[in-house]
Amino acid sequence: MNLAALIVTGDPGTADALLRLAAAADAHAEVAHDVGEARHAWSWPALVLVGADAAGDVAASGLPRRAGVVLVASAATADAYRMAVQAGAQDVAVLPDHEDWLIGAFATAAEPDANRAAVVCVVGARGGAGASVLAATLAVTAAGTGLRTLLADADPLGGGIDLLLGLEEHEGVRWPDLAERRGRLGTAALRDTLPGDGDLSVLSWRRGEPVPLTGEATASLLEAAVRGFDLVVADVPRYPGDLGRAALRAADTAYLLVPAEVRATVAADGLAAALRRETADLRLVVQGPSPGGLTADGVARALDLPSAGAFERDRRLPAAIDEGELAAVTRRGPLTDFCRDLLDDLALQPSAYREEAA
């Protein structure tokens, strides 16, 4: 049986409780009693549960950041969340309060990798760089190939990514409706309640002051998204907040979009350093044309980032964005061609199976 979960703790009570929950989920889990034992298997399982007793050692160990790490504590205190951040955990689970959630997490980790969505994030190096447009076009292009795609707006102050696609009047769930969500969220319920068009679903914000999201609500949504879609595309702001950081830590790949400008490149240098702390695979995307002749290769050398490619700005986009017709305009053009190349690199295939449990 493949290893679904690694439990890192020296506390016998925590280990026994988590092994019991893994057994209830029919998931294969093993215990590493210290960081030394955990190191060799750190990157293998879909889920890593770090006991509060081991969080400090994990934080100091130099283990690479990865998705799927949960801190297990006895109470949801400020210290617990501080330890989670330091250890690179995306979630905090409290025993025994969150046993049902943990059983669901074990069950999800035991599912074959083929049944899990790819998660990508898009971040702009400066305001107006076009990150939202790239994220939306990538999602629309993916849905057009038959990939069941979720476009998630991780910027509560961005005005709503549904506006780009003319979906702002479509009924359906937005982030504020999920703000207090607790427990496992069914994938079928999620897809059925989100605004969308065909194979594209969109999770955006409502107009007005943003509603704070609980960590549990964010974790529940992301966990349901990777079970229920082929691709999740998150539009993440430069100052990501808790929601953006959760998306970055869950991401298989994050794209940093940099206009071919000197100032944008300098700004991207500091941003890239911050993003590297939050996500495992950061790649550069350059948008031209350059007003001063700066090339995509020059930007890549300056930032020392692996390149995912470059594209030229489409002059049709500003008017299309204002009119909510981005999807129609980007059926063809340089940005769509570039997004097809990104999808080819991701090598995604529409899945024949998705969990439909409520």
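Up top is the structure these notes are about.
So, here is what we can say about the structure in this document. (Residues numbered from 1 in each chain as written. Predicted model: local features only at pLDDT ≥ 70, side-chain atom pairs only at ≥ 80, totals over all residues. Heavy atoms only, no water.)

If you walk across this open sheet you meet the 5 strands as β2-β1-β3-β4-β5, and the pairing is parallel. Edge positions in the open sheet fall to β2 (29–32) and β5 (91–94), since each of these has one partner strand only. Pairwise comparison of adjacent strand axes, ignoring direction, gives a mean angle of 25° for this sheet. Bridge analysis of strand β3 (residues 47–51) against strand β4 (residues 69–73) gives 4 bridges, and the strand direction is parallel. For Leu-49, the partnering residue across the bridge sits in β4 and is Val-70. Relative to the sheet, helix α1 (residues 12–24) contacts β1 (5–8), β2, β3 and β4, its axis offset from that of β2 by approximately 170°. Where helix α4 (residues 78–87) meets the sheet, it contacts β4 and β5, and its direction lies at approximately 150° from that of β4. (Pairing = 2+ DSSP bridges. Helix = DSSP H or I, 4+ residues; strand = E, 2+ residues; numbered from the N terminus. Axes fitted to C-alpha atoms, helices over the stretch in contact; angles between N-to-C directions. Contact = heavy atoms within 4.5 Å.)

Tallied over the full model, the rule gives 1 cavity of 30 Å³ or more. There is about 50 Å³ of room inside the largest cavity. Taken together, Ala-152, Ala-154, Trp-175, Leu-221, Leu-222, Val-232, Ala-234, Leu-243 and Ala-247 make up the lining of the largest cavity. Among the elements of the structure, α8 (215–228), β10 (231–236) and α9 (241–250) are those that each provide at least two residues to the lining of the largest cavity. Of the residues assigned to the lining of the largest cavity, the class counts are 9 nonpolar, no polar and no charged. (1 Å grid on protein atoms, 1.4 Å probe; cavity = no way out; pocket = protein on both sides within 12 Å on 5 of 7 lines; lining within 4 Å. Points joined across faces, edges and corners; volume = space filled by probe spheres on them. Nonpolar A, V, L, I, M, F, W, Y, C, P; charged D, E, K, R; others polar.)

In this structure, the second largest pocket occupies an estimated 470 Å³ of space. Along the walls of the second largest pocket sit 22 residues, with Gly-128, Ala-131, Ser-132, Asp-155 and Asp-235 positioned nearest its centre. For the lining of the second largest pocket, the secondary structure elements donating two or more residues are α6 (131–144) and β10. Ranked by residues supplied to the lining of the second largest pocket, first place goes to α6 with 3 residues. A breakdown of the residues in the lining of the second largest pocket according to their chemical character gives 10 nonpolar, 7 polar and 5 charged.

Where side chains of opposite charge bring their charged atoms close, a pairing between them can arise. Counting across every chain of the model gives 9 salt bridges. For Arg-126, the salt bridge goes to Glu-261, with nearest N and O atoms at 2.8 Å. Pair noted here: Arg-126 is in the loop between β6 (118–124) and α6 and Glu-261 is in the loop between β11 (253–259) and α10 (262–276), with a separation of 135 residues, a long-range link. Exposure remark for Glu-261: the relative accessible area of 22% places this residue in the partly exposed category. For Asp-337, the salt bridge is made with Arg-340, and the minimal N-O distance between the two is 3.2 Å. (Salt bridge = Lys/Arg side-chain N within 4 Å of Asp/Glu carboxyl O. Buried < 20%, exposed > 50% of the residue type's maximum accessible area, 1.4 Å probe, protein only.)

Turning our attention to a negative patch on the surface. Negative charge collects at one region of the surface, where Asp-11, Asp-16, Asp-34, Glu-37, Asp-53 and Asp-57 lie side by side. For Asp-11, the position within the fold is in the loop between β1 and α1. What makes Asp-11 partly exposed here is its relative accessible area of 32%. (Patch = residues over 30% accessible without salt bridge, like charges linked within 9 Å, V, L, I, M, F, W, Y side chains within 5 Å. Areas by Shrake-Rupley, 256 points an atom, 1.4 Å probe, with all protein chains shown as cover. Lys, Arg positive; Asp, Glu negative; His and termini not counted. Charge placed at Lys NZ, Arg CZ, Asp CG, Glu CD.)

Let's shift gears to the sheet that holds strand β9 (residues 200–203). Taken together, 8 strands build an open sheet; the order of strands is β8-β9-β7-β10-β6-β11-β12-β13 and the sheet is mixed. At either margin of the open sheet sits one strand with a lone partner, and together these are β8 (196–197) and β13 (307–312). Across the sheet, α6 lies against β6, β7 (149–153), β9, β10, β11 and β12 (282–288), angled at about 170° from β10, the strand it touches most. Along the sheet, α9 makes contact with β6, β7, β10 and β11, crossing β6 at roughly 130°.

A separate point is the nonpolar core. Among the nonpolar cores identified, the biggest contains 44 residues, and Cys-121, Phe-229, Val-236, Leu-256, Val-258 and Leu-284 are the most heavily contacted of them. Residue assignment for this core shows that the elements contributing at least two residues are β6, α8, β10, α9, β11, α10, β12 and α11 (296–303). In contact with Val-258, other than residues within four places in its own chain, are Ala-125, Ala-264, Thr-265, Ala-268, Leu-284, Val-285, Val-286, Gln-287, Val-299 and Leu-303. One finds Leu-134, Leu-200, Leu-326 and Phe-338 within the second-largest nonpolar core, a separate group that totals 36 residues. (Core = buried A, V, L, I, M, F, W, Y, C linked by side-chain atoms within 4.5 Å.)

The interhelical angle for the contact between α6 and helix α14 (residues 334–346), taken along N-to-C directions, is 65°, at an axis separation of 9 Å. As judged from the angle between their axes, α6 and α14 are roughly perpendicular. For the pair α6 and α14, the sense of crossing is right-handed. Contacts from Val-133, Leu-134, Thr-137, Leu-138, Thr-141 and Ala-142 of α6 reach α14 at Leu-335, Thr-336, Phe-338, Cys-339, Arg-340, Leu-342 and Leu-343. Here the residues of the contact of α6 with α14 are counted per class, giving 9 nonpolar, 3 polar and 1 charged. (Parallel < 35°, antiparallel > 145°, perpendicular 65-115°, else oblique. Left-handed = near helix turned anticlockwise from the far one by under 90°.)

The next thing to look at is the environment of Leu-3. Within the secondary structure layout, Leu-3 lies in the segment before β1. When sequence neighbours within four positions are dropped, the list of residues in contact with Leu-3 reads His-28, Ala-29, Glu-30, Ala-41 and Pro-45.

The subject of this paragraph is the environment of Ala-80. With respect to the secondary-structure elements, Ala-80 resides in helix α4. C-alpha separation for the pair Ala-80 and Ala-52, spaced 28 residues apart in sequence, amounts to 7.3 Å. Apart from residues lying up to four places away in sequence, Ala-80 is in contact with Leu-71, Ala-73, Ala-75 and Val-92.

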